[in-house]
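Spelled out, the chains give:
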Amino acid sequence: MSASDDPRRVHFQSPEYLVDRLDAIAELFDKDRTDLLVEAIREYIEDTADSETFQELVATKYYDDQLEFETVKQLVGAETAQRLRLLKADLEDEPLDLAAPDDTDVYDGDATAIDTADDDR
């Protein structure tokens, strides 16, 4: 078990009716209340992380320097976070310092007009 898998005690308050329903479900499935809570949280996080709206929000906040890369990695996974990092680097790059086009005629003479009318058929 890695350090990130080590259990951490979390204390929170919930409306009593939710705890009662959770306990009834846990009893029905012969499971522990904590196991059901962890499973529900895991599913919620996976569903949320897969949401396009959520990923757009994470990207926007990352591009605006409101989220650190490590936080982005926790929220959307390493692969997506790396993609966002590369895109952010591209966005932050200075534009290429290209000279303005000169007045050279790229056609080197008169342009040829083509009649597209299909009169032969």
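**Describing helix α4 (residues 69–76)**
What α4 keeps buried is the set Phe69, Val72 and Val76. The arc that holds every buried residue of α4, seen down its axis, measures 55°, which confines them to one face. Residues of α4 that are buried sit in contact with α3 (52–63) and α5 (78–92). Positive backbone phi, approximately 95°, marks Gly77, located one or two places after α4.

**Concerning a nonpolar patch on the surface**
A contiguous nonpolar patch, built from Ile25, Leu28 and Phe29 and spanning about 340 Å² of accessible area, is present on the exposed surface. With respect to the helices and strands, the residue Leu28 is situated in helix α1 (residues 16–28). Among the residues examined, Leu28 registers a relative accessible area of 68% and is labelled exposed.

**A closer look at the confidence of the model for the chain**
On average, residues of the chain score 85 in pLDDT, and 79% of them are at 70 or above. The element-level mean pLDDT for the chain is lowest in α5, coming to 89, with α1 highest at 96.

**Digging into the packing of aromatic side chains**
In total, this model carries two aromatic pairs according to the counting rule given. A ring pair is formed by Tyr62 and Phe69, whose centres lie 6.4 Å apart and whose planes are at 55°; its orientation type is tilted. Just as Tyr62 is buried, Phe69 falls in that class too. One aromatic cluster is present, built from ring pairs that chain together Tyr62, Tyr63 and Phe69. Over the aromatic face of Phe69 sits the side chain of Arg85, whose NZ or CZ is 3.5 Å from the ring centroid. The aromatic ring of Tyr62 is capped on one face by Lys88, whose charged end is 4.4 Å from the ring centroid.

**Notes on the side chain of Lys88**
Along the chain, Lys88 falls in helix α5. Classification of Lys88 as buried rests on a relative accessible area of 10%. There is a polar contact of 3.1 Å between the side chain of Lys88 and the backbone oxygen of Tyr62. If we skip the residues at most four places from it in the chain, Lys88 touches Tyr62, Tyr63 and Asp65.

**Observations regarding the pattern of salt bridges**
Under the definition given, this model contains five salt bridges. Ionic pairing is found between Asp23 and Arg33, a salt bridge with its closest N-O pair at 2.7 Å. Separated by 10 residues along the polypeptide, Asp23 in helix α1 and Arg33 in helix α2 (residues 33–50) bring together distant segments of the chain. By relative accessible area, which is 28% here, Asp23 ends up partly exposed.

**A short note on unusual backbone geometry**
In this structure, Asp30 takes a positive phi of about 55° despite not being glycine. By the secondary structure assignment, Asp30 is in the loop between α1 and α2. Asp30 gets classed as exposed once you look at its relative accessible area, which sits at 71%. A positive phi angle is found at Asp65, which is not glycine, with a value near 60°.

The rules behind each value
- Residues numbered from 1 in each chain as written.
- Predicted model: local features only at pLDDT ≥ 70, side-chain atom pairs only at ≥ 80, totals over all residues.
- Heavy atoms only, no water.
- Buried < 20%, exposed > 50% of the residue type's maximum accessible area, 1.4 Å probe, protein only.
- Helix = DSSP H or I, 4+ residues; strand = E, 2+ residues; numbered from the N terminus.
- Arc of directions from axis to C-beta.
- Contact = heavy atoms within 4.5 Å.
- Patch = residues over 30% accessible without salt bridge, like charges linked within 9 Å, V, L, I, M, F, W, Y side chains within 5 Å.
- Areas by Shrake-Rupley, 256 points an atom, 1.4 Å probe, with all protein chains shown as cover.
- Salt bridge = Lys/Arg side-chain N within 4 Å of Asp/Glu carboxyl O.
- pLDDT = per-residue confidence, 0-100.
- Phe/Tyr/Trp six-rings, centres within 6.5 Å; stacked < 30°, edge-to-face > 60°.
- Lys NZ or Arg CZ within 6 Å of the ring centre and 35° of its normal.
- Polar contact = N/O pair within 3.5 Å; in protein donor to acceptor, adjacent residues only side chain to side chain.

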